[in-house]
Amino acid sequence: MHKLKILVVSCVFPPELVTSARTSLDVANGLAQLGASVTVLCPRPSRSVDDSWKFKIDDAVKVVHLPSLGGGQSILMKVIENLSFALSAITYLILKKSFDVCYMNAWPIISTSFIAAVLRIKKTHYIYSVQDLYPKTLAIKGLIKKNGIFWKLFLNLEKTLCKNSAKIITISDSFKNYLINSIEVDAQKVAVVSNWSSGRIILQDKEKSWEMLSKKGLTPKSQELVLGYGGNISESTGISDFSKFIINSSLNIQLIVAGNGSLVNEIKKYFHRDERISLLTPWPKSLTNSIYSVSDILVLPVPAGQEHGSLPSKLINYMNSKKPILCVCDSDCEITQTLEKYPAASICSWDKLKNIKINDLKKLSSLNSFSFYSDSVAKSEDKLIEEILKFAKRE
């Protein structure tokens, strides 16, 4: 019997802590456990690396770390990283035999386009993972002008990627609708598989959690409430604007910012300026539960104008933590619609945030919730693995 040979191309992979790294690991292990021979192509670790993370890789999974340049925070360095990884992946693929199918979760859009072109030459079908909406996301972030030259270029690249893919996996119904209406994708070609958390959030005793955090220099202040933020620290997350709000307010709270990203140095300035702000960077996987445990409320700030470009992966862990959530968002979007199903969430605009009182936060912190993602529901990773195997076997 032919043993399926499956290629996973991932822009990140453990020990990097970002969500796509963890989901790519789950997919590779899951496919291997079902009898496939899996090869993972990924760059050498560079983002939120936790060398203490003892993750497991199945014996049938071969991880190939390819060289890539760049990796800095500037747009130029990100483009260099994108292109250099594509070049390394292309070189590897040209020298290797074809695979039965490829699950593509590489850097968008340029890197993915180059790799996809070589896969077509090698007659290897690919399943395209869409985690952000291009070119819409780039325009929302102000990196390109809508309907400008680069908009048209990236739109054509995205349309070609989708047209030539065997299947498209995206993370929500609104993303699927965008692909159908704006990228002109056949609805039958798109499957919705939401992202998932590869580990449960286990709340611990607060005192013990603070004891663990204190080893990293994070200590409790004398404030009435602790607000926690865990995730990417960048322009696209709104945590900088939320930190400024704390500085300008008189709220007797402690804000913990845990994570890494392009705005870490900016948050460090706020940390030195206001003793109510605490920073944990990098954020080790071993302290994930500790951050959630000491937080009375988890904050999810969404920058104005960026509500419809992506769905933050931290939302899954937030809702799994059973903790109250404060979302700051200016318009109705998939984020707010998802939180409306969660009984311990409060949603307010950036303008109304200025008027929030400590009693409002105390009332929110007292709400009870539940683990949003039930064990009775089939795991998203199982659905994704099923889609990959279905096509690999040509069922």
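Everything below is about the structure printed above this text.
Just so it is clear, the structure is predicted and the values come from calculations on it, not from any experiment.

Conventions we followed
- Residues numbered from 1 in each chain as written.
- Predicted model: local features only at pLDDT ≥ 70, side-chain atom pairs only at ≥ 80, totals over all residues.
- Heavy atoms only, no water.
- Salt bridge = Lys/Arg side-chain N within 4 Å of Asp/Glu carboxyl O.
- Helix = DSSP H or I, 4+ residues; strand = E, 2+ residues; numbered from the N terminus.
- Buried < 20%, exposed > 50% of the residue type's maximum accessible area, 1.4 Å probe, protein only.
- Pairing = 2+ DSSP bridges.
- Axes fitted to C-alpha atoms, helices over the stretch in contact; angles between N-to-C directions.
- Expected span 1.5 Å × (residues − 1).
- Contact = heavy atoms within 4.5 Å.
- Parallel < 35°, antiparallel > 145°, perpendicular 65-115°, else oblique.
- Left-handed = near helix turned anticlockwise from the far one by under 90°.
- Nonpolar A, V, L, I, M, F, W, Y, C, P; charged D, E, K, R; others polar.
- Disulfide = S-S within 2.5 Å.
- Phe/Tyr/Trp six-rings, centres within 6.5 Å; stacked < 30°, edge-to-face > 60°.
- Patch = residues over 30% accessible without salt bridge, like charges linked within 9 Å, V, L, I, M, F, W, Y side chains within 5 Å.
- Areas by Shrake-Rupley, 256 points an atom, 1.4 Å probe, with all protein chains shown as cover.

### Some points on the pattern of salt bridges
Any two side chains of opposite charge can pair, so long as their charged atoms come close to each other.
Okay, so step 1: For the structure on display, the rule yields five salt bridges.
Okay, so step 2: Its salt-bridge partner being glutamate 184, residue lysine 159 comes within 3.6 Å of it at the nearest N-O pair. Of the two residues, lysine 159 sits in helix 5 (residues 149-164) while glutamate 184 sits in the loop between helix 6 (173-181) and strand 7 (190-192), which places them 25 residues apart along the sequence.
Okay, so step 3: Residue lysine 159 is classed as partly exposed on the basis of its relative accessible area, which comes to 24%.
Okay, so step 4: Two residues, glutamate 224 and lysine 362, come together in a salt bridge whose shortest N-O distance is 2.4 Å.

### Considerations on the sheet that holds strand 4 (residues 101-105)
Okay, so step 1: Overall, parallel pairing links the seven strands, which are arranged 3-2-1-4-5-6-7 in an open sheet. On the outer flanks of this sheet lie strand 3 (61-66) and strand 7, each paired with one strand and no other. On average, each strand axis in the sheet is tilted by 20° relative to the strand beside it, whichever way the strands run.
Okay, so step 2: Bridge count for strand 4 against strand 5 (residues 126-130) is three bridges, and the pairing is parallel.

### Quick word on helix 2 (residues 75-95)
Three- or four-residue spacings in an α-helix give side chains the same orientation, since the helix completes a turn every 3.6 residues.
Okay, so step 1: Along its 21 residues, helix 2 runs 31 Å from first to last C-alpha, staying within 8% of the 30 Å computed at 1.5 Å per residue.
Okay, so step 2: Turning to helix 2, its buried residues number three or more, namely Glu81, Asn82, Ser84, Phe85, Ala86, Ser88, Ala89, Ile90, Tyr92 and Leu93.
Okay, so step 3: Where helix 2 is buried, its residues meet strand 1 (5-10), strand 2 (37-43), strand 3 and helix 3 (110-121).

### Digging into the sheet that holds strand 13 (residues 345-348)
Okay, so step 1: Spatial ordering of the open sheet is given by 10-9-8-11-12-13, a layout of six strands whose pairing is parallel. Both outer strands of the open sheet, strand 10 (277-280) and strand 13, are each paired with one neighbouring strand and no more. Going across the sheet, the axis of each strand differs from the next one's by a mean of 25°, ignoring polarity.
Okay, so step 2: The strands touched by helix 14 (residues 358-365) are strand 8 (225-232), strand 9 (253-260), strand 11 (297-301), strand 12 (325-328) and strand 13; relative to strand 8, the strand with the most contacts, the crossing angle is about 70°.

### Describing the packing of helix 2 against helix 3
Okay, so step 1: One can describe the packing of helix 2 onto helix 3 by two numbers: an axis separation of 8 Å at closest approach and a directional angle of 15°. Between helix 2 and helix 3, the angle falls in the class roughly parallel. Crossing hand, helix 2 versus helix 3: right-handed. Where helix 2 approaches helix 3, its residues Asn82, Leu83, Phe85, Ala86, Ala89, Ile90, Leu93 and Ile94 are matched on the opposing element by Ile110, Ser111, Phe114, Ile115, Val118 and Leu119.
Okay, so step 2: Of the residues belonging to the contact of helix 2 with helix 3, the class tally is twelve nonpolar, two polar and no charged.

### Re the state of the cysteines
Okay, so step 1: All told, the structure shown has zero disulfides when counted by the stated rule.
Okay, so step 2: Of all cysteine sulfurs, the one in cysteine 42 lies closest to cysteine 11, which takes part in no disulfide; the gap is 9.8 Å.
Okay, so step 3: Take cysteine 327: it sits in no disulfide, and the sulfur closest to it among the cysteines is that of cysteine 329, at 5.0 Å.

### Quick look at the packing of aromatic side chains
Okay, so step 1: Inspection of the entire model under this criterion finds five aromatic pairs.
Okay, so step 2: Pairing tryptophan 53 with phenylalanine 55 gives two aromatic rings, centres 5.3 Å apart and planes at 65°, and the pair type is edge-to-face.
Okay, so step 3: A relative accessible area of 25% places phenylalanine 55 in the partly exposed class.
Okay, so step 4: When the ring of phenylalanine 242 is compared with that of phenylalanine 245, the centres are 5.6 Å apart and the planes differ by 55°; the resulting orientation is tilted. In this pair, phenylalanine 242 and phenylalanine 245 both sit in helix 8 (residues 239-248), three residues apart, roughly one turn of the helix.
Okay, so step 5: A residue is classified by how much of its surface remains accessible, and phenylalanine 245, at 13% relative accessible area, is buried.
Okay, so step 6: Aromatic rings pair up to connect Trp283, Tyr292 and Tyr318 into one cluster.

### Let's talk about a nonpolar patch on the surface
Okay, so step 1: On the surface, a cluster of nonpolar side chains totalling about 430 Å² of accessible area is made up of Ile75, Val79, Leu83, Phe114 and Leu143.
Okay, so step 2: Looking at the nonpolar patch element by element, the count peaks at three residues for helix 2.
Okay, so step 3: Tracing the backbone shows valine 79 in helix 2.

### Here we look at unusual backbone geometry
Okay, so step 1: A cis geometry characterises the amide bond from tyrosine 134 onward to proline 135, with omega recorded as 5°.
Okay, so step 2: Structurally, proline 135 is set in the loop between strand 5 and helix 4 (136-140).
Okay, so step 3: Each neighbour pair has its own omega, and for threonine 281 with proline 282 the value is -5°, a cis peptide bond.
Okay, so step 4: Considering the arrangement of structural elements, one finds proline 282 in the loop between strand 10 and helix 10 (288-294).
Okay, so step 5: For asparagine 147, which is not a glycine, the phi torsion comes out positive at approximately 70°.
Okay, so step 6: Within the secondary structure, asparagine 147 is located in the loop between helix 4 and helix 5.

Any functional reading would require information that these geometric values do not contain.
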